[in-house]
Amino acid sequence: MKRIEYQQYGGPEVMRLEQFTPEAPGKGEVAVRVRFAAINPIDWKLRQGEMRIVTGKRFPRAMGMDLSGTVMSVGAGVTRFKVGDEVFGQARFKQCGALGQATIASEGALALKPAKLGFDQAACLGSPGITAWNALIDKASLIAGQHVFINGCMGAVGEAAVQIARKHGIRVSGTCSAADMARAHAFGVENVLDYRQADLTQLRERYDAVFDTAASIDSGTGFGLLKPGGVLLDLHPTPGKFIKALFSRRLKMVVCTPRAALLDELARAAGDGSLRLTIAREVPLSEAIALIAAIEGGQRLRGKAVVRMG
């Protein structure tokens, strides 16, 4: 089979489409024949070596986290899935491999794909959906009637967060590009601001949570937008921020953390049509390296990029 891999940490030039032999799933793991993979910034951050303390020094290393596909085999102790099941979710963080024709995933990082949901759409749900749920439900514990401000509300995580919030009866305001403002209103964002023009320090509204998916709000501005008891959700943690969060109830670090029950909730939302991510571009695996390099280099897409395995 084929996959995108690299023999050393580095930039786009280290990526190669190579033949590989799929491994067998271990205890609690599932082997998936990948139908579609979605491209995420974490893919090149890992390849660049930003998390080499976790990923280590063994090469070649595969790329890709978010996937959809069909179960090929299951490891010992797996009870949630059987051969032939259509699934979506994430490959293992350390090993990756979604950008290939087959990979291994932990049982708890997958869910059954709703029958009416296409494999292309299903592949998009992993990182954005999990991260949005981690932030709004797990970290901020938002409930119906509360109000969240999402900075970057039409990016992938932002778009997922808007829909998850609305499904839970949570009010949403936020920022996005001028070109995406109509789309944001259509998703149910009440007050939409152009991020290029908005001065958030001048807003009079106060929120139960501020979710900074664009990583462009300084903590002082974010805290200033909060109601008493509100929380600032930071999607780009650093060691310094983690330390700061230990001493501040108003600052929450958000790290994409899958679990079976969460993936099942995303599956239900996708199945009833209340969670869909916009797809901007689809390419075959043979063209994926060029697309990854372009997005990594700054090309902007108004939606997700997905890779078809063929």
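My aim in this report is to walk through the structure given alongside it, one point at a time.

Criteria and cut-off values
Residue numbers restart at each chain and count upward from 1, following the sequence in its written direction. With the structure being a predicted model, the display of local features is reserved for residues of pLDDT at least 70 and the display and counting of side-chain atom pairs for 80 or more, all residues being used for whole-chain, interface and lining totals. As a rule here, side-chain values cover all heavy atoms of the structure and leave hydrogens and water aside. Each pair of strands is called paired provided DSSP finds at least two bridges between the two strands. The helix count covers DSSP runs of H or I at least four residues long, the strand count covers runs of E at least two residues long, and both are numbered beginning at the N terminus. Whenever Lys or Arg places a side-chain nitrogen within 4 Å of a carboxyl oxygen from Asp or Glu, that contact is recorded as a salt bridge. Relative accessible area decides the class of each residue, using a 1.4 Å probe on protein chains only: under 20% of the type maximum gives buried, over 50% gives exposed, and in between gives partly exposed. Patch building starts from residues that exceed 30% relative accessible area and form no salt bridge, then joins like charges within 9 Å and nonpolar side chains (Val, Leu, Ile, Met, Phe, Trp, Tyr) within 5 Å. Accessible surface is estimated by sampling points in the Shrake-Rupley manner with a 1.4 Å probe; for residues, cover comes only from the protein chains shown. Two kinds of site are reported from a 1 Å grid over the protein atoms alone, namely cavities, where a 1.4 Å probe fits but cannot get out, and pockets, open sets with protein on both sides within 12 Å along at least five of seven lines, and residues are called lining when an atom falls within 4 Å of a point. Grid points are joined across faces, edges and corners, and a volume is the space filled by probe spheres set on the points. Orientation is described by axes fitted as lines to C-alpha atoms, over the contacting stretch for helices, and by angles from 0 to 180 degrees between their N-to-C directions. The scheme is simple: roughly parallel for angles under 35 degrees, roughly antiparallel for over 145, roughly perpendicular for 65 to 115, oblique for anything else. Whether two residues touch is decided by their heavy atoms; if any such pair falls within 4.5 Å, the residues are in contact. Under the grouping applied here, Gly and all other residues not named as nonpolar or charged are polar, the nonpolar ones being Ala, Val, Leu, Ile, Met, Phe, Trp, Tyr, Cys and Pro and the charged ones Asp, Glu, Lys and Arg. For Phe, Tyr and Trp, rings pair up if their centres lie within 6.5 Å, where Trp contributes its six-membered ring, and each pair is then called stacked (planes under 30 degrees apart), edge-to-face (over 60) or tilted (otherwise). A ring has a charge above it when a Lys NZ or an Arg CZ is no more than 6 Å from the ring centre and no more than 35 degrees off the ring normal.

1. Observations regarding the sheet that holds strand 4 (residues 61–62)
Next up, step 1: With respect to topology, 3 strands assemble into an open sheet ordered 2-1-4, the strand pairing being antiparallel. Two strands lie at the open edges of the sheet, namely strand 2 (16–19) and strand 4, each paired on one side alone.
Next up, step 2: Here strand 1 (residues 2–6) runs beside strand 2; their pairing, made up of 4 bridges, is antiparallel. Bridge assignment links Arg 3 to a residue of strand 2, and that residue is Glu 18.

2. Some details on the pattern of salt bridges
Next up, step 1: Taken as a whole and judged by the stated rule, the model has 16 salt bridges.
Next up, step 2: Measuring nitrogen to oxygen at the nearest pair gives 3.0 Å for the salt bridge that ties Arg 92 to Glu 23. Taken together, the residues Arg 92 in the loop between strand 6 (86–90) and strand 7 (102–106) and Glu 23 in the loop between strand 2 and strand 3 (29–38) connect sequence positions 69 residues apart.
Next up, step 3: Asp 180 is the partner of Arg 302 in a salt bridge, and the nearest nitrogen-oxygen pair spans 3.0 Å. Of this pair, Arg 302 sits in the loop between helix 10 (288–296) and strand 16 (304–308) while Asp 180 is found in the loop between strand 10 (171–176) and helix 6 (181–187), placing the two residues 122 residues apart along the sequence.
Next up, step 4: Residue Asp 180 is classed as buried on the basis of its relative accessible area, which comes to 9%.
Next up, step 5: Counted as one network, the salt bridges with shared partners bring together Glu 159, Asp 180, Arg 183 and Arg 302.

3. Digging into a nonpolar patch on the surface
Next up, step 1: Taken together, Ile 53, Val 54 and Phe 93 make up a surface patch of nonpolar side chains, about 320 Å² in accessible area.
Next up, step 2: Here Val 54 is to be found in helix 2 (residues 52–55).

4. Notes on helix 4 (residues 126–139)
Next up, step 1: The element helix 4 is largely enclosed, with a buried count of 12 among its 14 residues.
Next up, step 2: Along helix 4, the positions that sit buried rather than exposed are Gly 126, Ser 127, Pro 128, Gly 129, Ile 130, Thr 131, Ala 132, Trp 133, Asn 134, Ala 135, Leu 136 and Ile 137.
Next up, step 3: Just beyond helix 4, the residue with positive phi is Ser 141, at close to 50 degrees.

5. So, empty space enclosed by the protein
Next up, step 1: This structure, assessed with the given rule, holds 1 cavity of 30 Å³ or more.
Next up, step 2: Met 154, Gly 155, Ala 156, Glu 159, Arg 183, Thr 278, Gly 303 and Lys 304 together form the lining of the largest cavity.

6. Digging into the packing of helix 4 against helix 9 (residues 260–271)
Next up, step 1: Interaxial distance between helix 4 and helix 9 falls to 10 Å at its minimum, and their mutual angle equals 105 degrees. With respect to helix 9, the axis of helix 4 lies roughly perpendicular. Within the contact between the two elements, helix 4 uses Gly 129, Ile 130, Trp 133, Asn 134 and Asp 138 and helix 9 uses Leu 262, Leu 263, Glu 265 and Leu 266.
Next up, step 2: Per-class residue counts for the contact of helix 4 with helix 9 are 5 nonpolar, 2 polar and 2 charged.

7. Considering the environment of Ile 130
Next up, step 1: For Ile 130, the location among the structural elements is in helix 4.
Next up, step 2: Ile 130 sits 31 residues away from Ala 161 along the chain, and the two C-alpha atoms are 9.5 Å apart.
Next up, step 3: Among all residues touching Ile 130, those that are not within four sequence positions of it are Gln 90, Leu 125, Cys 256, Thr 257, Pro 258, Leu 262, Leu 263 and Leu 266.

8. Considering the side chain of Thr 131
Next up, step 1: With respect to the secondary-structure elements, Thr 131 resides in helix 4.
Next up, step 2: Apart from residues lying up to four places away in sequence, Thr 131 is in contact with Val 157, Phe 211, Leu 235, Val 254 and Cys 256.

9. Some thoughts on the packing of aromatic side chains
Next up, step 1: Counting across every chain of the model gives 4 aromatic pairs.
Next up, step 2: With centroids separated by 5.0 Å and ring planes inclined at 75 degrees, the aromatic side chains of Tyr 9 and Phe 59 adopt a geometry described as edge-to-face. Taken together, the residues span a long stretch of sequence, with Tyr 9 in the loop between strand 1 and strand 2 and Phe 59 in the loop between helix 2 and strand 4 at a distance of 50 residues.
Next up, step 3: Classification of Tyr 9 by relative accessible area gives buried; the value is 14%.
Next up, step 4: Taken together, a centroid distance of 5.2 Å and an interplanar angle of 50 degrees make the contact between Phe 149 and Tyr 207 tilted. Taken together, the positions of Phe 149 in strand 9 (residues 147–151) and Tyr 207 in strand 12 (residues 207–212) put the pair 58 residues apart, joining distant regions of the chain. Each member of the pair, Phe 149 as well as Tyr 207, carries the same accessibility label: buried.
Next up, step 5: Among the aromatic side chains, those forming a connected cluster through ring pairs are Tyr 6, Tyr 9 and Phe 59.
Next up, step 6: Taking NZ or CZ as reference, Arg 35 lies 4.1 Å from the ring centre of Phe 119, over its face.

Geometry only, nothing functional implied.
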